[in-house]
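The lines below spell out each chain.
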Amino acid sequence: MHKTKNLSWFVLLIFSFVSPTFGGAQSLPTDESGKVFFSEVVLADSFPNGKLYSNSITWLKSLNRPEEKFTLLTKDSIQSSINGQYEFQVFAQSGLLRKMVGLISCKLAIDTKDAKFRYSFSDFVYHYYKEDRNYKMAKTGKIKPLEDKEATGWQKLWEKHKQTTNTKINSLITSMKSEIPKKLTTPAKKANKVEW
């Protein structure tokens, strides 16, 4: 009985390493053409279009951090549409041995209307990096669509980058849903000091 139980755990452990979906990895959502694509219409009751649009811009500005960046490409207040490119670094290993090995970029669009907004993340691309002669990581100019299934010689790391992407984008979606339809309180004005 004890040996059978140990064998079951061993088989389960092997499957978790061999199968990328068995061990908890989720597959990335795709559109009808098979490209990675995240999109949703989010209801935001009682929020006027102008407020959702301005909150979207504020939220997008918050995405500029050391390991990630949003670059605004177009902003149209009449159409209530914002388009840009979001990118984030991906790493090999973790902890003290963590090393930046590439960058994943995608298009990010937000459209707003009264009481709702729509977001979409599309055109995901992995950008290869390598160490230059000054020991700094630099783009090689070589890219790979995130939909590619094969990564000969580094399949495990490629699957890890896909998992990182899934986690990162879902985290952004959660943040977006709480921050864009948010009533920001305006700070109270300070009373002017009356001079004699």
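Located above this text is the structure these notes cover.
Scope of this entry: the structure provided in the associated data block.

Cut-offs applied
Residues numbered from 1 in each chain as written. Predicted model: local features only at pLDDT ≥ 70, side-chain atom pairs only at ≥ 80, totals over all residues. Heavy atoms only, no water. Core = buried A, V, L, I, M, F, W, Y, C linked by side-chain atoms within 4.5 Å. Buried < 20%, exposed > 50% of the residue type's maximum accessible area, 1.4 Å probe, protein only. Helix = DSSP H or I, 4+ residues; strand = E, 2+ residues; numbered from the N terminus. Contact = heavy atoms within 4.5 Å. Phe/Tyr/Trp six-rings, centres within 6.5 Å; stacked < 30°, edge-to-face > 60°. Expected span 1.5 Å × (residues − 1).

This paragraph deals with the nonpolar core. Among the nonpolar cores identified, the biggest contains 37 residues, and W59, Y86, L108, F121 and F124 are the most heavily contacted of them. Sorting the residues of this core by element identifies β1 (38–43), α2 (49–61), β3 (81–92), β4 (99–113), β5 (116–131) and α3 (155–179) as the ones contributing at least two each. Looking at this core, the element that brings in the most residues is β5, giving six residues. If sequence neighbours within four positions are ignored, W59 has contacts with L108, I110, L172, S175, M176, E179 and I180.

Tallied over the full model, the rule gives nine aromatic pairs. Each ring, one from F38 and one from F121, has its centre 6.4 Å from the other, and the planes form 85°; the classification is edge-to-face. With F38 in strand β1 and F121 in strand β5, this pair connects stretches of sequence that are 83 residues apart. Overall, F121 belongs to the buried group, its relative accessible area being 0%. Here F38 and F124 contribute two aromatic rings whose centre-to-centre distance is 5.9 Å and whose plane-to-plane angle is 55°, an arrangement assigned as tilted.

So, on to α3. Helix length check: α3 (25 residues) gives 36 Å between terminal C-alpha atoms against 36 Å at 1.5 Å per residue, within 8%. When α3 is considered as a whole, its buried residues turn out to be W158, H161, K162, T165, N166, I169, L172, I173 and M176.

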